[in-house]
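So the chains spell out like this:
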Amino acid sequence: MKIGFSIPQFGAHARAAARIPEFAAAMENAGADSLWVGDRLIAATEPKVGYGGTDSIPAEFNQVLDPFLTLALAAAATERVRLGANVLIAPLYPPAVLARALTTLDVASGGRLIPGFGIGWSPEEYEAAGVPFSQRGARLEQTLDALEAIWTTDPAEYSGTLVSVPRHRAELSTVQKPRPPVHLAAFTPAALDRVGRRGDGWLPVVPVPGPPQWGVRLRELRDVVDRAAEQAGRDPAAIETIVRVNVKAGTGLDHIAEAVRRTADQSGFDDFFIDLTYLSASVDSALTDAHRLLDLLA
């Protein structure tokens, strides 16, 4: 089983940004398989939509590090671990800007980037970015089309109804060919269909603590992805699954390890990363917790 961890990025962790290289190198040396960032632009004081079905936003989102710079710091300190985003809110970024940042990361890391995309849930973040909140699913689709063009053609161009990229030279190519593997977060039928039609990977979430049969539910959702892939003439086996373990504050490490093993047994998935954002109060405790979890899941 592959086990990775979130990079300290949110809340109190953000004030220790200088320790990201230390954390990344320590996790690689300890045997972690992957390191991950998230993406938050702002934390609205009076949100129209709260986080995870609530009417509020976690205090941890009041302090946040840039995901691209955070991954760059981790890339510079490591040689082996995969470097992922779960997830970048792709519609917030002009495709050319997004492509430049991700190409830089893939080149700098020697081809270890896993770009994960979603559409987000915060109207205020879209407002802050100057992007309409409506049609964000369609904007994601066109952003993926634009990235495909930039990463696979030179000169490159893209013209859509929501995003466009003028014809330009795109000589700097990614290390991964023909492009980095695009992973998509998805739980709704439309989003699961998108994974099957065009994703290289699916990024589901397991809450801990959570329902004891959550792994069975994930397997059912993965079947939806597989059917969509078959309908699109694609091989479902070519679409990987990487499960994010979203841990609530105060959860015991033994309970986390048990939940990961149970989810793996029920779903058949073997690639996980554990989000330490709410679990570990400091970078030191994140290092301790991650080392212990690697031991428990060995």
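Each remark here, short or long, concerns the structure printed above.
Described in the following lines is the structure provided in the data block. (Residues numbered from 1 in each chain as written. Predicted model: local features only at pLDDT ≥ 70, side-chain atom pairs only at ≥ 80, totals over all residues. Heavy atoms only, no water.)

A word on the environment of isoleucine 7
- Structurally, isoleucine 7 is set in the loop between strand E1 (2-6) and helix H1 (20-30).
- Sequence separation between isoleucine 7 and aspartate 275 is 268 residues; the distance between their C-alpha atoms is 8.3 Å.
- If we skip the residues at most four places from it in the chain, isoleucine 7 touches Ile20, Phe23, Leu35, Trp36, Val37, Thr70, Leu71 and Ala74. (Helix = DSSP H or I, 4+ residues; strand = E, 2+ residues; numbered from the N terminus. Contact = heavy atoms within 4.5 Å.)

Regarding the side chain of arginine 139
- For arginine 139, the position within the fold is in helix H5 (residues 136-152).
- No salt bridge is formed by the buried arginine 139. Its closest oppositely charged neighbour is aspartate 145, at 13 Å.
- Excluding its chain neighbours within four sequence positions, the residues that come into contact with arginine 139 are Pro91, Val131, Pro132, Leu162 and Val163. (Buried < 20%, exposed > 50% of the residue type's maximum accessible area, 1.4 Å probe, protein only. Lys, Arg positive; Asp, Glu negative; His and termini not counted. Salt bridge = Lys/Arg side-chain N within 4 Å of Asp/Glu carboxyl O.)

Considering the sheet that holds strand E2 (residues 34-37)
- Judged by pairing direction, the sheet is parallel, and its seven strands sit side by side in the order E5-E3-E2-E1-E14-E13-E11 without closing on themselves. A strand with exactly one partner marks an edge of an open sheet, and here the two such strands are strand E5 (113-114) and strand E11 (205-208). (Pairing = 2+ DSSP bridges.)

Some thoughts on a nonpolar patch on the surface
- Judged by side-chain polarity, Val107, Leu172 and Val175 come together as a nonpolar surface patch covering roughly 250 Å² of accessible area.
- For valine 107, the position within the fold is in helix H3 (residues 95-108).
- Residue valine 107 is classed as partly exposed on the basis of its relative accessible area of 34%. (Patch = residues over 30% accessible without salt bridge, like charges linked within 9 Å, V, L, I, M, F, W, Y side chains within 5 Å. Areas by Shrake-Rupley, 256 points an atom, 1.4 Å probe, with all protein chains shown as cover.)

Quick notes on the packing of aromatic side chains
- Throughout the structure, instances matching the rule amount to seven aromatic pairs.
- On the numbers, 5.4 Å between centres and 85° between planes, the contact of phenylalanine 68 with tyrosine 93 is edge-to-face. Highlighted residues: phenylalanine 68 in helix H2 (residues 67-76) and tyrosine 93 in the loop between strand E4 (88-89) and H3, separated in sequence by 25 residues.
- Accessibility expressed as a relative area gives 18% for tyrosine 93, which makes it buried.
- Cation over ring: arginine 136 sits above phenylalanine 133, and NZ or CZ is 3.9 Å from the ring centre. (Phe/Tyr/Trp six-rings, centres within 6.5 Å; stacked < 30°, edge-to-face > 60°. Lys NZ or Arg CZ within 6 Å of the ring centre and 35° of its normal.)

Some thoughts on the pattern of salt bridges
- For the structure on display, the rule yields 21 salt bridges.
- Among the salt bridges present, the one from arginine 82 reaches aspartate 33, with a minimum N-O distance of 2.4 Å. Of this pair, arginine 82 sits in strand E3 (residues 82-85) while aspartate 33 is found in the loop between H1 and E2, placing the two residues 49 residues apart along the sequence.
- By relative accessible area, which is 18% here, arginine 82 ends up buried.
- With its nearest N and O atoms 2.5 Å apart, the salt bridge here joins glutamate 141 to arginine 197. Of this pair, glutamate 141 sits in helix H5 while arginine 197 sits in helix H6 (residues 189-198), and the two are 56 residues apart along the sequence.
- With a relative accessible area of 35%, arginine 197 lands in the partly exposed category.
- Among the charged side chains, a salt-bridge network with shared partners connects Glu141, Asp145, Asp193, Arg194, Arg197 and Arg198.

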